[in-house]
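Per-entry structural report
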Amino acid sequence: MRPILCLLLIATILLWGCSSADSLGDEPAREVTVSGSPTWDNGMRELISLKCAYCHTVPRPDIAPDEIIADLDLSVYDTRVENGEVIRGADAIGRWLADGILDHGLDIYQYLPPVTTPTVPSYLLVARQMPLDYGTPVSDSEKGLFAAWSANGSPRNDSTQPDGNAELGAALYDDYCSLCHEDSGPSQYDGGGANAFIDGAQDPTRWIGPPIRSGSVTVEKIKSMWLHKALPYLGETPVELSTEQAAHIRAYLQTILP
Amino acid sequence: MKRLSCLLLFLFPFVLSAQTTFQEQADRLQNINAFLLDFRPGTAPVPVDKGRFELAFELAPQPSVNTRVGNKDEPVDPPSIVPRLRARYLSANGFLIGGTATPGIEFMDYKAETVSFELGYRFSLANLGFQVRASYSDGDVEGPITEKHVKDQFTFTNNSFDLACAKSFGRFHFYAFLGYIDIETELDIESDGVHLTNTEDAGYGGLGLTWDWRSLGFTLEQNFTDDYLQNVMLSAAYRF
């Protein structure tokens, strides 16, 4: 009996050595490449779906962490109103990309009115680096695509932006945008658009924001910001800005930004 | 060829290239763990002349698993060998029924509760022993799967069906089997509330050798599941 048992044991050890499990753990991450200028219709939809939208959809999927921004749906491009709530789309993430959320966490305290911060959940004040460590990594070339897309105003496609009337845009801006962006006029733009926003220390009830990037002002972005930032905080029912109105505001901004 | 490349580039300006996503990695890890806990034949399918019980002690050495998901190495550190007690009844007319259970014992920070059943039929044909068998397993493993010092929970449900064939040479019985498995798994991650679900089906097969000695039977079984898992099982059975 002993020799046979020994043989079985030796065979077990040998076979154990041959035991293996390919968990895909050493496979490189899937990567999206884009030919030409990245737009939502040219590659960014695929990239964002692959690297972001598995968690960032509305309603929140099971795979998403508990503490996730509840109003961000990156499976679609357009910011929208749903049951009276504003749901941000991929047209709203250019600022986070520009601020480096793919490389480090973001302290978004600076974007909030100081008097309201105590009521805001802490996880909304510190955005974690994306994607999370267990998410599909973003390659350097993909970061380049995100950066280029963000710098161009996160465009839907490469069609020309519609023309607008700067005078009409100034009126809209004064009525609805200047709450955060201060009153219109070149003097507010620090001689060159370095910072389009008021200083929160001057008025702690106001939102504080990062500088407007002159090359990043698109009709899509203005419409997204309008829904997300302007009307909800004016206490009004969110109503979409028309493309024509957004074009007017864009035309006005072009007259005051470098 | 160049023209074709240009055409493809025009039609598909973005290209999905390369390899894997974290979802595929997470699903694969769940699959592997469910497959390793499956209820495989475990002995040569030799028909018996009269009814008998078998009590088997199985040892399943665990293969090394790369637990990287995305940029994170999951700190899973399961035991390198999983033991299991198994009971089986073989009737004289060929039917077999068996099962095993793990009663929630905590070991190395992990607590596992599993139960498995099998139902089958053995018969002889042309000096060969045959067995058709269906099995069901489910259970959960609680412990630090994604972070140290947390209690994540992995649950699985396996349904398997296999056909086995044995050829005897005296007290040695060589056997082979082919089967199909369907699994459902879930992973609840305590730290941030993530809930992963996964379903998968796969083919499996294996080769084994059982050696009878008096009332004992010793078996070595090599399992292959899909194209990404190979594992060994060793068992010692007492028959009465």
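Scroll up a little and you will see the structure.
Residue indices follow the written sequence of each chain, beginning from 1 at its first position. Ligands are numbered from 1 and chains lettered from A, in the order in which they are written. Under the rules for a predicted model, residues below a pLDDT of 70 receive no local features and side-chain atom pairs below 80 are neither given nor counted, while totals for whole chains, interfaces and linings still include all residues. To get the side-chain values, all heavy atoms of the structure are used, and hydrogens and water are removed first.

Points about the overall build of chain A
Helical segments are the DSSP runs of H or I of at least four residues, strand segments are the runs of E of at least two, and each set is numbered from the N terminus. A count of helices and strands for chain A gives 8 helices and 6 strands. Reading chain A from its N terminus to its C terminus gives the helix and strand order α-β-β-α-β-β-α-β-α-β-α-α-α-α. By residue count, 47% of the 258 residues in chain A fall in the buried class. By definition, residues are in contact when any of their heavy atoms lie within 4.5 Å. The long-range share in chain A, meaning contacts at least 24 apart out of those at least 6 apart in sequence, stands at 59%. Summed over its atoms, the accessible surface of chain A is roughly 12,400 Å², and 55% of this surface lies on carbon and sulfur atoms. Per-residue accessibility, obtained with a 1.4 Å probe over protein chains only, is compared with the maximum for each type, and a residue is labelled buried under 20%, exposed over 50%, and partly exposed between these values. Reported accessibility uses the Shrake-Rupley method at a 1.4 Å probe radius. Residues are deemed covered only where the shown protein chains occlude them.

Concerning the interface of chain A and chain B
On the side of chain B, 48 residues touch chain A, which itself brings 43 residues to the contact. Between chain A and chain B, roughly 4,200 Å² of surface is buried when both sides are summed, and carbon and sulfur atoms account for 63% of that area. What counts as a salt bridge is simple: a side-chain nitrogen of Lys or Arg found within 4 Å of a carboxyl oxygen of Asp or Glu. Summed over the shared surface of chain A and chain B, the result is 1 salt bridge. In this structure, Glu24 of chain B and Arg30 of chain A form a salt bridge, with 3.0 Å as the shortest nitrogen-oxygen distance. Under this definition, polar contacts are N or O atom pairs within 3.5 Å; protein pairs additionally need one hydrogen-donor-capable and one acceptor-capable atom, and for neighbouring residues in sequence, both atoms have to be side-chain atoms. At the boundary of chain A with chain B, the tally comes to 13 residue pairs in polar contact (both at pLDDT 80 or more). The set of elements that each furnish at least two residues to the side of chain A that touches chain B consists of α1 (2-18), β1 (20-21), β2 (31-34) and α2 (44-51) of chain A. Its residues assigned to classes, the side of chain A that touches chain B comprises 22 nonpolar, 11 polar and 10 charged. Values labelled buried area give the accessible surface lost by two parts on being combined, using a 1.4 Å probe and summing over both. Residues are sorted three ways: Asp, Glu, Lys and Arg are charged, Ala, Val, Leu, Ile, Met, Phe, Trp, Tyr, Cys and Pro are nonpolar, and all the rest, Gly among them, are polar.

Points about the environment of Asp163 of chain A
Along the polypeptide, Asp163 of chain A turns up in the loop between α5 (140-151) and α6 (166-181). Counting along the chain gives 88 residues from Asp163 of chain A to Ala251 of chain A, while the straight-line C-alpha distance between them is 6.9 Å.

Digging into empty space enclosed by the protein
Empty space left among the atoms is revealed by rolling a probe the size of a water molecule over them. All names here are of chain B. Lining residues are those with an atom within 4 Å of a point, where the points come from a 1 Å grid over the protein atoms alone and group into cavities, where a 1.4 Å probe fits but cannot get out, or pockets, open sets with protein on both sides within 12 Å along at least five of seven lines. Grid points are joined across faces, edges and corners, and a volume is the space filled by probe spheres set on the points. Throughout the structure, instances matching the rule amount to 1 cavity of 30 Å³ or more. Its volume calculated, the largest cavity comes out at about 30 Å³. If you trace the largest cavity, you find it lined by Gly42, Thr43, Glu54, Ala56, Glu58, Arg88, Ser235 and Ala237. Among the elements of the structure, β2 (52-61) and β13 (229-239) are those that each provide at least two residues to the lining of the largest cavity. The leading source of residues in the lining of the largest cavity is β2, at 3 residues. Looking at side-chain class alone, the lining of the largest cavity contains 2 nonpolar, 3 polar and 3 charged residues.

Observations concerning the side chain of Gln25 of chain B
Along the polypeptide, Gln25 of chain B turns up in helix α2 (residues 22-36). The exposure class of Gln25 of chain B is buried, given its relative accessible area of 3%. Residues contacting Gln25 of chain B, with those up to four places away along its chain left out, are Ser23, Leu24, Gly25 and Glu27 of chain A together with Thr20, Arg68, Val69 and Gly70 of chain B.

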